[in-house]
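Residue-level structure breakdown
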Amino acid sequence: MGNLPQIKETIMLIRELVSIPSPSGNTSKVIDFCEQYLKGLDLEIKRNRKGGLLITIPGKDNGQHRMLTAHVDTLGAMVKEIKPNGRLKLAMIGGYRWNSVEGEYCKIETESGDTYTGTILMKQTSVHVYKDAGEAKRNDENIEVRIDEMTNSEEETRKLGINVGDFVSFDPRVQVTESGFIKSRHLDDKASTAILLRMIKWIKEEEIELPHTTHFLISNNEEIGYGGNSNITPETVEYLAVDMGALGEGQSSDEYTVSICAKDSSGPYHYGLRKHLVNLARKNNVEYRVDIYPYYGSDASAAIKAGHDIVHGLIGPGIESSHAFERTHESSLINTEKLLYAYVQSPITNY
């Protein structure tokens, strides 16, 4: 497969991506970054009306296409209400639990573009004041944002320019350890986005001729269910979502291998494509796990539900504590890269 990109370069790109706030619905800055990253590579790049980035690399065969997708939109929140004490009630963007962001630093972006920092807290946080600080429910009523400004009323908060509908993003707290772990919010799915961006750059710089015309979609609405179910050409046969492997008790995936999904909550992924991916992993000495994710959906399954006549699959690095305190290891990123590089250079299987 030639000289693959160094994993340190992929990790540096992940650090940059997770540091750009991009909750679903407010992703233009991170899409701008992705477009700028690919600038000068003589690529066909365009944006779809949903704001995603579509990159096409012509292949030897233009009669059968592939599409690969990763998403840059993340979990986040939106200001639902300004409370009489000047603090903020939130509405969730994406699927998570309030306890997973309790105590997290955040940013509030106003319509005018101003940004304020704050902390997501229970209103019953102080154990010196609230007897039920530990037992109170972590829900919409009790969670609030303490803004880092001198505001003690709704009027004072509104004077800052903060209003209902403003986006709230979570501090990623990204760290890379000497032992090879990268821990950060939003590894779902910016780890896979970094891998795809690096691969596109590698294909162009190494002048690799792909066997089939291949489209790469950096989607921006996956966390709310419809990021990658459009812009699929009629010639597209295979559609591969590159997302995360969800880890936990009862799962076979881990933080050190690439996860190949057999089934999620939407149903089984295409058996033929799954076997093709497994065979490629074995042939190229890629460490992998086949797994089932019980509460999960992807851009590939969204495309199937939208009615596209495609063969769909899902792979990705194993992400510990998904939609919460996420972590993976560089070996999982390496194995995901190796499988993807083998996949895009393989012929489409006759299904």
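Rules of the game
- Residues numbered from 1 in each chain as written.
- Predicted model: local features only at pLDDT ≥ 70, side-chain atom pairs only at ≥ 80, totals over all residues.
- Heavy atoms only, no water.
- Helix = DSSP H or I, 4+ residues; strand = E, 2+ residues; numbered from the N terminus.
- Rg over C-alpha atoms; globule rule 2.2 N^0.38 Å.
- Buried < 20%, exposed > 50% of the residue type's maximum accessible area, 1.4 Å probe, protein only.
- Contact = heavy atoms within 4.5 Å.
- Areas by Shrake-Rupley, 256 points an atom, 1.4 Å probe, with all protein chains shown as cover.
- Lys, Arg positive; Asp, Glu negative; His and termini not counted.
- Charge placed at Lys NZ, Arg CZ, Asp CG, Glu CD.
- Salt bridge = Lys/Arg side-chain N within 4 Å of Asp/Glu carboxyl O.

1. With respect to the overall build of the chain
The number of helices and strands found in the chain is seven helices and 19 strands. Compactness check: the chain gives a C-alpha radius of gyration of 21 Å against a globular reference of 20 Å for 351 residues, within 12% of the reference. The burial tally for the chain puts 55% of its 351 residues in the buried class. For the chain, long-range pairs separated by at least 24 residues make up 76% of all intrachain contacts whose partners lie at least 6 apart in sequence. Within the structure as shown, the chain displays about 15700 Å² of accessible surface, and the carbon and sulfur contribution to it stands at 47%. Here the chain holds 39 positive side-chain charges and 50 negative ones, and the gap between their average locations is 2 Å.

2. What to know about the pattern of salt bridges
Summed over all chains, the structure comprises 17 salt bridges. Salt-bridge contacts for E238 lead to R66; the nearest nitrogen and oxygen are separated by 2.7 Å. One end of the pair, E238, is in strand β13 (residues 236-242); the other, R66, is in strand β3 (residues 61-71), and 172 residues separate them in sequence. Both residues of the pair, E238 and R66, count as buried.

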